Amino acid sequence: MASGGDGAEASGGRRVLVVGGGIAGLGAAQRLCSHPAAQHLRVLEATACAGGRIRSERRFGGVVEVGAHWIHGPSQGNPVFQLAAEYGLLGEKELSKENQLVETGGHVGLPSVCCTSSGARVSLELVAEMASLFYGLIDQTREFLHATETPVPSVGEYLKKEISQQVTGWTENEETRKLKLAILNTFFHVECCLSGTHSMDLVALAPFGEYTVLPGLDCTFSGGYQELTNCIMASLPKDVMIFNMPVKTIHWNGSFREGTFPGEAFPVLVECEDGSRLPAHHVIVTVPLGFLKEQQNTFFDPPLPAEKAEAIRKIGFGTNNKIFLEFEEPFWEPDCQLIQVVWEDTSPLQDTAPSMQDAWFKKLIGFLVLPPFGRSVHVLCGFIAGLESEFMETLSDEEVLLSLTQVLRRVTGNPQLPAPKSVLRSCWHSAPYTRGSYSYVAVGSTGDDIDQLAQPLPVDDSSTQLQILFAGEATHRTFYSTTHGALLSGWREADRLIGLWDLQSQQPRPRL
């Protein structure tokens, strides 16, 4: 039992609040529950269910991932993979040694079919040639990590500079050269989806190589990603989770007294939107960076130190959405897994900004073919990132369905192609407690900003220690943007608290 001589033992342990019930918050709570000092632990979740950006929905007669889709790098060094295996959530193929040893370099696999916006098929050899060029350059960008200076500030500018040099050596006719640039443009959009950014021009070049790719062929959960967070939640004592409890303000560095705990003062008081006031010794904040960017001025009282507030502003946070389309009959081949769409007359070397209304769908990278859910249920999943993705959120389901029906009729060259039966899409930018998808290291920021965001408060050791701790994908320097980064960050902060308590329990008690 912790005893720092400050009343914690008298009231039976430490009062800990975790703000946010995503995988970081759940991971922290699970870790803390095993410690005797954490007898008063609550997870405050703003919405009606746990999981955060892991969200599986029962639709189309099956389960679709509205949020996180894959375990990235499913191998022994990945705690999400290990936990999923422990809970029996993965199949034989996913658990196989062969699967764990595949080195993807973090690159997306090649499409099964590639179509242009005028309905022509692009040769997969040409697509493979452009993929090899593009991913070769992406691999080069990672080499600037320890360089004293970089030739340009962003990944996008570096890629464009290198590609424009390559173009001068291309000997094909103009039509083929234009097609190659259009294919490369699609790969830029794919990379925007991976980085959760509007443009690779916003992604900093120097720290880009710090993101660590784990071995293993990315895999999915047949029963839904949320099975994992449900299993973690089921392991917690039943009164730990509190749903529909958005936090308004975290008051810290104070001495707060609450009637429920006479004679005890707490350094932190969490004020919720419904007026509840919950005192605590420690609060672990796991809310998404998008929410912090929008709310940090009112979310903390006193305000955050300038360096932390600045880190929150500087780190990038963008939107990547999915659009699911349901069909009665597939128009694609039975073995088709990924349909890539190439918009003719586009090029990464040209900055075009056509009106969103007419061209938002040109940012769509294509469609993943989901395993069939039934005899007459066939689902495609489109991916789209950036401002176009955020614009898509403002449209109605009908408008999205109409636009994508027109796109599919164009790319298949079949003006009679039946419209999809239904549409489902994610809207992560509009989600009030998320405000986007995941983080990236933006131009003007470095991995040091991620570490700064992860630093607990208060900064000085003179006052009560570890009042506010920070977890979540955006606080993990090498695995930002991933579920395993989020889970590891939750464990890190739980371990930080446990380390403090163990230290305090060894200290001699003050004499009376």
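For clarity, every value in this text was computed on a predicted model and none was experimentally measured.

Basis of the calculations
Residues numbered from 1 in each chain as written. Predicted model: local features only at pLDDT ≥ 70, side-chain atom pairs only at ≥ 80, totals over all residues. Heavy atoms only, no water. Buried < 20%, exposed > 50% of the residue type's maximum accessible area, 1.4 Å probe, protein only. Helix = DSSP H or I, 4+ residues; strand = E, 2+ residues; numbered from the N terminus. Pairing = 2+ DSSP bridges. Expected span 1.5 Å × (residues − 1). Domains from an automatic or database assignment. Contact = heavy atoms within 4.5 Å. Buried area = accessible area lost by both parts, 1.4 Å probe. Salt bridge = Lys/Arg side-chain N within 4 Å of Asp/Glu carboxyl O. Core = buried A, V, L, I, M, F, W, Y, C linked by side-chain atoms within 4.5 Å. pLDDT = per-residue confidence, 0-100. Arc of directions from axis to C-beta. Axes fitted to C-alpha atoms, helices over the stretch in contact; angles between N-to-C directions. Parallel < 35°, antiparallel > 145°, perpendicular 65-115°, else oblique.

Trainee: Would you take a moment to explain the pairing of strand β18 (residues 378-385) for this structure?
Mentor: Side chains on a regular strand alternate between the two faces of the sheet. β18 sits mainly inside the fold: eight of its eight residues count as buried. Side chains His378, Leu380, Gly382 and Ile384 of β18 all project onto a buried face; the interleaved residues Val379, Cys381, Phe383 and Ala385 project onto the opposite face, where all are buried too. In this sheet, β18 lies alongside strand β17 (residues 366-369) in antiparallel orientation, the contact comprising three bridges. Bridging across to β18, Phe367 finds its partner in Gly382.

Trainee: Please explain helix α7 (residues 174-195) as it appears in this structure.
Mentor: An α-helical turn contains 3.6 residues, so any two residues separated by three or four positions project in the same direction. Compared with the 32 Å implied by 1.5 Å per residue over 22 residues, the 32 Å span of α7 between its first and last C-alpha is a close match. Positive phi appears at Gly196, one or two residues downstream of α7, with a value of about 65°.

Trainee: Any chance you could explain the domain arrangement of the protein chain here in plain terms?
Mentor: Interface size is often expressed as the accessible area that is lost when the parts come together. Each domain of the protein chain was delimited in the assignment, giving domain 1 (15-56 + 222-316 + 434-505) and domain 2 (107-212 + 320-425). Here domain 1 and domain 2 have C-alpha centroids that lie 35 Å from each other. Each partner contributes residues to the interface: domain 1 has 16 residues there, and domain 2 has 17 residues. Taking both partners together, domain 1 and domain 2 bury about 1,200 Å²; carbon and sulfur atoms supply 52% of that area. Among the residues of domain 1 in contact with domain 2, Tyr438, Tyr440 and Val443 are the three that bury the most area, contributing 43% of the side total. Where domain 1 packs against domain 2, one counts one salt bridge. Measuring nitrogen to oxygen at the nearest pair gives 2.7 Å for the salt bridge that ties Glu210 to Arg477. A total of three residues in the side of domain 1 that touches domain 2 trace back to one element, the largest contributor, which is strand β20 (residues 438-440).

Trainee: Looking at this structure, I do not really get the environment of Val369. What am I missing?
Mentor: The topology assignment puts Val369 in strand β17. The contact partners of Val369, leaving out residues within four places of it in the chain, are Trp332, Cys336, Gln337, Leu338, Ile339, Val379 and Leu380.

Trainee: How should I be thinking about the nonpolar core in this particular structure?
Mentor: Nonpolar side chains in soluble globular proteins tend to be buried together. In terms of nonpolar packing, the biggest core is built from 49 residues, with Phe134, Val155, Leu184, Phe187 and Phe324 touching the most fellow members. Listing elements by their share of this core, those giving two or more residues are α5 (124-141), α6 (155-167), α7 and β18. In contact with Phe134, other than residues within four places in its own chain, are Leu159, Leu184, Phe187, Phe188 and Glu191. Ala38, Leu236, Ile284 and Leu469 belong to the second-largest nonpolar core, a separate cluster that totals 42 residues.

Trainee: What is the right way to look at the confidence of the model for the protein chain in this model?
Mentor: Interpretation of this model should avoid reading the predicted coordinates in detail wherever pLDDT is low. On average, the protein chain scores 94 in pLDDT, and the residues at 70 or more come to 97%. Note that pLDDT drops below 50 for residues 1-11; the model gives that stretch 27 contacts with residues more than four away or on any other chain.

Trainee: Would you explain the sheet that holds strand β6 (residues 241-242) in this entry?
Mentor: Pairing between the strands of a sheet is mediated by backbone hydrogen bonds and can be parallel or antiparallel. Strand order in this open sheet of five strands is β6-β2-β1-β12-β21, and the pairing throughout is parallel. Two strands close off the open sheet at either side, each with one partner strand: β6 and β21 (468-470). In the sheet, strand β12 (residues 282-285) pairs with β21 via three bridges, with the strands oriented parallel. Residue pairing across strands places Val285 opposite Phe470, the latter belonging to β21.

Trainee: Can you walk me through helix α10 (residues 306-314) in this structure?
Mentor: All of the buried residues in α10 are Lys308, Ala309, Ala311 and Ile312. All buried residues of α10 project into a common sector of 155° when viewed along the axis, lining one side. Those residues of α10 that are buried are in contact with α9 (289-299), α14 (447-454) and β21.

Trainee: Sorry if this is basic, but what is going on with the packing of helix α2 (residues 79-86) against helix α15 (residues 483-506) here?
Mentor: Axis angle and axis distance: for two packed helices, these are the angle between their axes and the distance between the axes, and together they describe the pair. Contact pair α2 / α15: the axes reach a minimum separation of 8 Å and the direction vectors enclose 85°. Viewed along their axes, α2 and α15 adopt a mutual orientation that is roughly perpendicular. Contact residues: Pro79, Val80 and Leu83 in α2; Thr483, His484, Leu487, Leu488 and Trp491 in α15.

Trainee: I tried to follow the pattern of salt bridges on my own but got confused; where do I start?
Mentor: Enumeration according to the criterion identifies 20 salt bridges in this entry. Taking the shortest distance from any N to any O, the salt bridge between Lys421 and Glu326 comes out at 3.5 Å. With Lys421 in the loop between α13 (397-412) and β19 (422-425) and Glu326 in strand β15 (residues 320-327), the pair connects residues that are 95 residues apart, well separated along the chain. Look at the salt bridges and you will find they share partners, linking Glu210, Asp448, Asp451 and Arg477 into a network.

Trainee: For this particular structure, what's the right way to read the sheet that holds strand β11 (residues 277-280)?
Mentor: Here we have four strands laid out as an open sheet, ordered β11-β10-β7-β13, and mixed in their pairing. Strands with a single pairing partner mark the edges of an open sheet, and in this sheet they are β11 and β13 (300-301). Note: strand β10 (residues 268-272) against β11, four bridges, orientation antiparallel. The partner of Glu271 across the bridge, within β11, is Arg277.

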